[in-house]
Amino acid sequence: MKNKLRLLKNIYLKKNKPVSLIIFLTERCNARCSFCFIDFNPNAKGQKKENEISVENFKTMSLSLKDSLHHLNFTGGEPFLRSDFDQIISNFIENCDLSSVVISTNGSYPKKISKFLDNVCLKYPETKFIFQFSIDSFPERHNEIRKIPGLFDRTIESYNFVKNSHKNCISTCNLTISEDNYQQIEEVYDYLTEKHNIETINPIVVRNEGVYDVPSESKIALIEAYKKITKKNVENVDKGNLRGFSNFDIEGKVINEKNKIQYKMIAETYLKPKFYSNCVAGSIFGVVTSDGNVLPCEILDKDKALGNLKDYDFNFMKLWNDTKAKDTRKWIKDTKCNCHWECIFTYNLISSPKYTANIASKIIKAKL
């Protein structure tokens, strides 16, 4: 695996090369969730396949990232709508020696996922694959929310395919708390864990992003529902009723402990911003849109984009080291930019000596 000393030096000291990226493979999707931030207007640029990054251009991008990239999160839209997904992810694993990959999906294509497990996951046993399946409610209500008839059953089928597959694969559920389900969220949580034996749940609360704004009158109720579920989640993982990420040895234990801190911070900042530590968005973490824009995160306005890969011949590090990217990193640090976006918390926490020490001490204490 990639030189661990070089990785740690980048995360804790230099903070100048991307360790983790979110890649929007496509903005096309077969679902139409009311809280989605993607613009599904047929004329929108993101809805046209010809604007998506090609396999060859992704390969070029991966070669420029081979010295630093450790983790990828593939999302959309629905990533399994890309027929070339296997090749895209294989190029990244082979060129960057990825430690882990997250795939966020609605689970509506169990046959494609089953083939992916054998064609990709089995081929790369040293890489951990975390599948995040979106499930929001009881079967019929879930299908209504996502606007796909029969979706719930297909998602559970996909979940179980992954759960019963290979040692390097973990099946998880993203439970998004929204206006559509917050009043029954505890019952939904119990149904998923008890009826369908979901072993790892990632609670998420809807946020302002893209074309979606959370109704201001709903925010208090939403965050109170989030607090209830995260408290329940922590208790279940601590008692061993749920696995969390513990089957991934020490990395899984770190994630479980990190989540406790993250849940608390999100609950505290959802209604009112609060600065905890310098944000590493644009430093060791970034986002790539389906048409090649590189962003420090999903939250900042598009004027904070670092550039478009097409203008750099898909040489990611050339873009990352250009003036605009350096200026944006400086702005993020100087303004103490902060938010409650779940995806950045992992790297903000593990890159902070203060919080890393806190996490480590809890893991050690739990072993004694």
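Up top is the structure.
Sequence positions are assigned chain by chain, starting from 1 and proceeding in written order. Local features in this predicted model are restricted to residues whose pLDDT is 70 or higher, and side-chain atom pairs enter the listing and the counts only when it is 80 or higher, whereas totals over whole chains, interfaces and linings include all residues. With hydrogens and water excluded, all non-hydrogen atoms of the structure serve as input to the side-chain values.

1. Digging into the environment of Asn 51
Turning to its location among the elements, Asn 51 is positioned in the loop between β1 (20-24) and α2 (55-64). Sequence separation between Asn 51 and Asp 291 is 240 residues, and the spatial gap between their C-alpha atoms is 5.4 Å. We call two residues contacting when some pair of their heavy atoms lies within 4.5 Å. What Asn 51 contacts, discounting residues up to four positions off in sequence, is Lys 45, Ser 290, Asp 291 and Lys 310. Secondary structure elements are taken from DSSP: a helix is a run of H or I of four residues or more, a strand is a run of E of two residues or more, and numbering for both begins at the N terminus.

2. Details of a positive patch on the surface
The patches described consist of residues with a relative accessible area above 30% and no salt bridge, like charges being joined within 9 Å and nonpolar side chains (Val, Leu, Ile, Met, Phe, Trp, Tyr) within 5 Å. To be clear on the numbers: accessible area is Shrake-Rupley with a 1.4 Å probe, and residue cover counts the displayed protein chains and nothing else. Any Lys or Arg side-chain nitrogen found within 4 Å of a carboxyl oxygen on Asp or Glu counts as a salt bridge. Charge assignment in this entry is limited to Lys and Arg as positive and Asp and Glu as negative, and neither His nor the chain termini are counted. Every charge is mapped onto a representative atom, which is NZ of Lys, CZ of Arg, CG of Asp or CD of Glu. Taken together, the side chains of Arg 6, Lys 9, Lys 14 and Lys 17 define a basic patch exposed on the protein surface. With respect to the element layout, Lys 9 can be found in helix α1 (residues 4-14). Each residue is assigned to one of three classes by its accessible area relative to the maximum for its type, calculated with a 1.4 Å probe on protein chains only: buried under 20%, partly exposed between the two thresholds, exposed over 50%. The exposure class assigned to Lys 9 is partly exposed, which follows from its relative accessible area of 42%.

3. Brief notes about the pattern of salt bridges
In the structure shown here, the tally under the stated rule is 18 salt bridges. Of the charged contacts in the structure, one is a salt bridge between Lys 264 and Glu 268, with a shortest N-O distance of 2.7 Å. Here the residue Lys 264 and the residue Glu 268 both occupy positions in helix α9 (residues 249-269), the gap between them amounting to 4 residues, near one helical turn. Between Lys 274 and Glu 268 there is a salt bridge, and its shortest N-O distance comes to 3.9 Å. Each member of the salt-bridge network shares a partner with another, and the members are Arg 28, Glu 52, Arg 82 and Asp 84.

4. A look at the sheet that holds strand β2 (residues 71-75)
Any two strands with at least two DSSP-identified bridges between them are counted as paired. Strand order in this open sheet of 9 strands is β6-β5-β4-β3-β2-β1-β7-β8-β9, and the pairing throughout is mixed. Single-partner strands in this sheet number two, and they are β6 (201-205) and β9 (307-308). Axes here mean lines fitted to C-alpha atoms, for a helix over just the part in contact, with angles spanning 0 to 180 degrees between N-to-C directions. Contacting β5 (169-177) and β6, helix α7 (residues 185-195) crosses the sheet at an angle of about 165° to β5.

5. Details of the packing of helix α3 (residues 85-96) against helix α4 (residues 110-121)
Helix-helix packing is characterised by the crossing angle of the two axes and by the distance between the axes. Put simply, α3 and α4 touch, their axes get as near as 10 Å, and they point 30° apart. Judged by the angle between their axes, α3 and α4 are roughly parallel. For the crossing formed where α3 meets α4, the hand is right-handed. In this structure, α3 uses Phe 85, Asp 86, Ile 89 and Ser 90 to contact α4, whose residues at the interface are Phe 116, Asn 119 and Val 120. Should an angle fall under 35 degrees it is taken as roughly parallel, and over 145 as roughly antiparallel, whereas 65 to 115 is taken as roughly perpendicular and any remaining angle as oblique. Crossings are assigned a handedness: left-handed for a near helix turned anticlockwise from the far helix by less than a right angle, right-handed for a clockwise turn.

6. Side note on helix α5 (residues 139-146)
For an α-helix, 3.6 residues make a turn, and residues three or four places apart therefore share a direction. Of the residues making up α5, those classed as buried are His 142, Asn 143, Ile 145 and Arg 146. With its buried residues spanning 160° around the axis, α5 presents them on a single face. Looking at the packing, one finds that the buried side of α5 touches β4 (128-134), α6 (151-163) and β5. Positioned one or two residues after α5, Lys 147 has a phi angle of 60°, which is positive. In this description, one arc is meant: the one made by directions from the helix axis to the C-beta atoms.

7. Considerations on the pairing of β5
Note on strand geometry: in a regular strand, side chains alternate between the two faces of the sheet. Of all 9 residues that make up β5, 9 are buried, and the element is covered over most of its length. A two-sided burial pattern is seen for β5, the buried positions comprising Cys 169, Ser 171, Cys 173, Leu 175 and Ile 177 on one face and Ile 170, Thr 172, Asn 174 and Thr 176 on the other. Across 6 bridges, β4 lies against β5 in parallel orientation. If you follow Phe 129 over to β5, its bridge partner there is Cys 169. Bridging between β5 and β6 involves 5 bridges; their strand directions are parallel. When the bridges of β6 are listed, Ile 177 appears paired with Val 205.

8. Brief notes about the nonpolar core
In globular proteins that are soluble, nonpolar side chains generally tend to be buried together. Remark: nonpolar core denotes a set of buried residues (Ala, Val, Leu, Ile, Met, Phe, Trp, Tyr, Cys) joined through side-chain atoms within 4.5 Å. Ranked by size, the top nonpolar core spans 85 residues in total, and within it Met 61, Phe 74, Ile 89, Phe 92, Phe 129, Phe 131 and Phe 316 carry the most contacts. No other element matches the 6 residues that α3 contributes to this core. When neighbours within four sequence positions are excluded, Met 61 is seen to be in contact with Leu 21, Ile 23, Phe 92, Val 288, Leu 309, Phe 314 and Phe 316. Counting residues in each nonpolar core, the second largest holds 20 residues, with Ile 11, Leu 295, Leu 300 and Tyr 347 among its members.

9. Structural notes on the state of the cysteines
Note on terminology: pairs of cysteine sulfur atoms within 2.5 Å are recorded as disulfides. One pass over the full model with this rule turns up 0 disulfides. Cysteine Cys 173 shares no disulfide, and the gap to the nearest cysteine sulfur, in Cys 33, comes to 13 Å. Relative accessible area serves as the criterion here: at 0%, Cys 173 is assigned to the buried category. With no disulfide of its own, Cys 343 has Cys 339 as its nearest cysteine by sulfur position, at a separation of 9.8 Å.

10. Regarding the side chain of Glu 342
Position of Glu 342 relative to the elements: it lies in helix α12 (residues 342-350). Here Glu 342 is in contact with Ile 204, Val 205, Arg 207, Gln 262 and Ile 266, once residues within four sequence places are set aside.

11. Let's talk about the packing of aromatic side chains
Two aromatic rings are characterised by how far apart their centres lie and by the angle between their planes. For Phe, Tyr and Trp, rings pair up if their centres lie within 6.5 Å, where Trp contributes its six-membered ring, and each pair is then called stacked (planes under 30 degrees apart), edge-to-face (over 60) or tilted (otherwise). Taken as a whole and judged by the stated rule, the model has 17 aromatic pairs. Ring plane angle 70° and centroid distance 5.3 Å describe the contact between Phe 80 and Phe 85, whose orientation is recorded as edge-to-face. Accessibility expressed as a relative area gives 1% for Phe 85, which makes it buried. An aromatic cluster is built from Phe 58, Phe 74, Phe 80, Phe 85, Phe 92, Phe 116, Phe 129, Phe 131, Phe 133 and Tyr 159, whose rings are joined through pairwise contacts. Here the guanidinium or amino end of Arg 32 rests over the ring plane of Phe 40, the centre of that ring lying 4.1 Å away. Lys 112 extends its terminal NZ or CZ atom over the ring of Tyr 109, reaching a point 4.4 Å from the ring centre. Two conditions define a charge sitting above a ring: the NZ of Lys or the CZ of Arg must be within 6 Å of the ring centre, and it must be within 35 degrees of the ring normal.

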